[in-house]
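# Examination of the molecular architecture
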Amino acid sequence: MTFFRVLWFFIKLTAVILVAWGLASHPGNLSLTWFGYRIDLHPVALALLGSLLFLAVLYVIGRLMMRVIAIPSNVGAMRGAAREAKGYQVLTRGLAAAAAGDAREAKRLSVMARKLLVQRGKEPPITRLLAAQAAQLEGDETAAHAHFKALAETPETAILGLRGLALSALKEGNETEARRLAERALAANPHAQWAAETALRLQAKAGRFDSADESLKALVRAGALDARHGQRRRAALLTEKARQALIVGGTDVSNDVALSAAREAVKLSGDFAPARFVLVRLLLRMGKRKEAMRLIEQIWDSHPHETLGELYLTLGENEKPLERTQRLERLQKQNPDHAESHRILAEADLAAELWGEARRHIDQLVAFETEHLGGPSRSTCRAMAQLEDRERHDPAASRRWLDAASSARPDASWLCRQCGHRGEAGPESGHWQLVCPQCQAIDSLEWRHPAATRLGGNALALSVIVPGAGDPLDRTKEIDVLPGSGGPAGKADASANSGAASVDAARLIN
């Protein structure tokens, strides 16, 4: 088209020159009389006027010729636009079929869309996405990989291709490749939430905690986490980094680096029990017993936790049972009515054979758990059974409590809020870990009782979150429904035939 425009310009220019030359070669005059006026035109003026008239005629003829010449291309463009519109309609239907899981229809529409949209050897990248999804639905991972790779090489769809390749790598168990692809996607688009989450999880599992910290910052930038939740997540990440120094086979983290990470985690989220637990364990390893004690004492009045209480029991050095009881009584004064205060005092009193004090604390624990949680836990029932056997030498009463323990609500532990799987970390870190071993979720473990388990008869245990435990970001409270309305001692037989006790499920435990 450009060639014809240039050619037409030279034709017009040549014509003007010829007309001007012709008029100049034949001199003469042109006179015009009109309403008493006479106009005499000079030969030069006559040449200009003739040239203008000739140009006007040429312009009209040229426009008509251009319209005629453009007819085939215009018709082709109209047909191409109609074909493209139909192709995108088919593509939309294909993506809907892929989302619905209809592999056969998705593949048929994918082939049709590519036929309609591929023009002059060029294919819109989006058709590759439908082809990849159709291949995945049919189980053809090789073809899907090829399509995702093509998408990844196109700047406009690189993020889609990288995500597909990363998911395929995860499906194959190749976490190293998946992490590389997620990092590449995050570099290409710093606001890609899936890339930041995937990179964070895989970097944490691989012990690349500095890179994981950068991925966490990307999540905050992307708006997936606000500043407060991002700070809490960073505390969990630093806790996992510090935990590596305590476990066998962990990432090579020195004690100094682990100690610094744990201190930073406690500073970021002081009520996060695992961070404080890991820091206490690290301080004990370094012989800083008094500082370790102060860390638990600092938080006991506001956020007591069962794992911290159990750890505090062991912090005394070469102390006798009575001395340990006296130390724990000082801790109890900070939060005298909390269940965890009664729990650790009961255990210490049993070891010191202070039967009266042990019974008082266990009775308080039974009353508290019955009132707030629907019934005593298994560990409380076992503690009462031990007391009945050792103090009163009453095997029958002890057996009733042990029978009650078998049907009581399970003790709290670190459970994933997404899949319910129990954490598999060892006692070195209080059984907490950053990544769920089952569903691979990040920072999903919370301290609570197992959810929705049938306990026998008509009793149904629902999820319970212990006071002061669990994820400080999630304060949802749930209540157990257990057999009977009172303690299990002396009521085990009656509770088997009684209905589940009515409990106010909306009550919060503070």
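To be clear, the structure that these remarks concern was listed above.
One structure accompanies this document, and this report is about it. (Residues numbered from 1 in each chain as written. Predicted model: local features only at pLDDT ≥ 70, side-chain atom pairs only at ≥ 80, totals over all residues. Heavy atoms only, no water.)

### Some details on the overall build of the protein chain
Along the backbone of the protein chain there are 20 helices and six strands. In the protein chain, the proportion of contacts linking residues at least 24 apart, taken out of those at least 6 apart, comes to 54%. In the form shown here, the protein chain has an accessible surface area of approximately 27000 Å², with 55% of it arising from carbon and sulfur atoms. (Helix = DSSP H or I, 4+ residues; strand = E, 2+ residues; numbered from the N terminus. Contact = heavy atoms within 4.5 Å. Areas by Shrake-Rupley, 256 points an atom, 1.4 Å probe, with all protein chains shown as cover.)

### Some words on the packing of helix 10 (residues 227-243) against helix 11 (residues 255-268)
In helix packing, the relevant descriptors are the interaxial angle and the interaxial distance, both defined with respect to the helix axes. Viewed as axis vectors pointing N to C, helix 10 and helix 11 meet at an angle of 155°, and their least axial separation amounts to 8 Å. Considered as vectors, helix 10 and helix 11 are oriented roughly antiparallel to each other. Note on packing geometry: the crossing formed by helix 10 with helix 11 is left-handed. From helix 10, Gln 231, Arg 234, Ala 235, Leu 238, Thr 239, Lys 241 and Ala 242 reach across to helix 11, where they touch Val 257, Ala 258, Ala 261, Ala 262, Glu 264, Ala 265 and Leu 268. Class assignment of the residues belonging to the contact of helix 10 with helix 11 gives a composition of nine nonpolar, two polar and three charged. (Axes fitted to C-alpha atoms, helices over the stretch in contact; angles between N-to-C directions. Parallel < 35°, antiparallel > 145°, perpendicular 65-115°, else oblique. Left-handed = near helix turned anticlockwise from the far one by under 90°. Nonpolar A, V, L, I, M, F, W, Y, C, P; charged D, E, K, R; others polar.)

### Focus: the packing of aromatic side chains
Under the criterion given, the structure shown has two aromatic pairs. A ring pair is formed by Trp 414 and Trp 447, whose centres lie 5.3 Å apart and whose planes are at 70°; its orientation type is edge-to-face. Of the two residues, Trp 414 sits in strand 3 (residues 413-416) while Trp 447 sits in strand 4 (residues 445-448), which places them 33 residues apart along the sequence. Per residue, the accessibility class of Trp 414 equals that of Trp 447, and both read buried. The ring of Phe 272 is capped by Arg 232, whose NZ or CZ atom sits 3.9 Å from the centre of that ring. Here the basic side chain of Arg 327 rests over the ring of Tyr 312, its NZ or CZ set 4.9 Å away from the ring centre. (Phe/Tyr/Trp six-rings, centres within 6.5 Å; stacked < 30°, edge-to-face > 60°. Buried < 20%, exposed > 50% of the residue type's maximum accessible area, 1.4 Å probe, protein only. Lys NZ or Arg CZ within 6 Å of the ring centre and 35° of its normal.)

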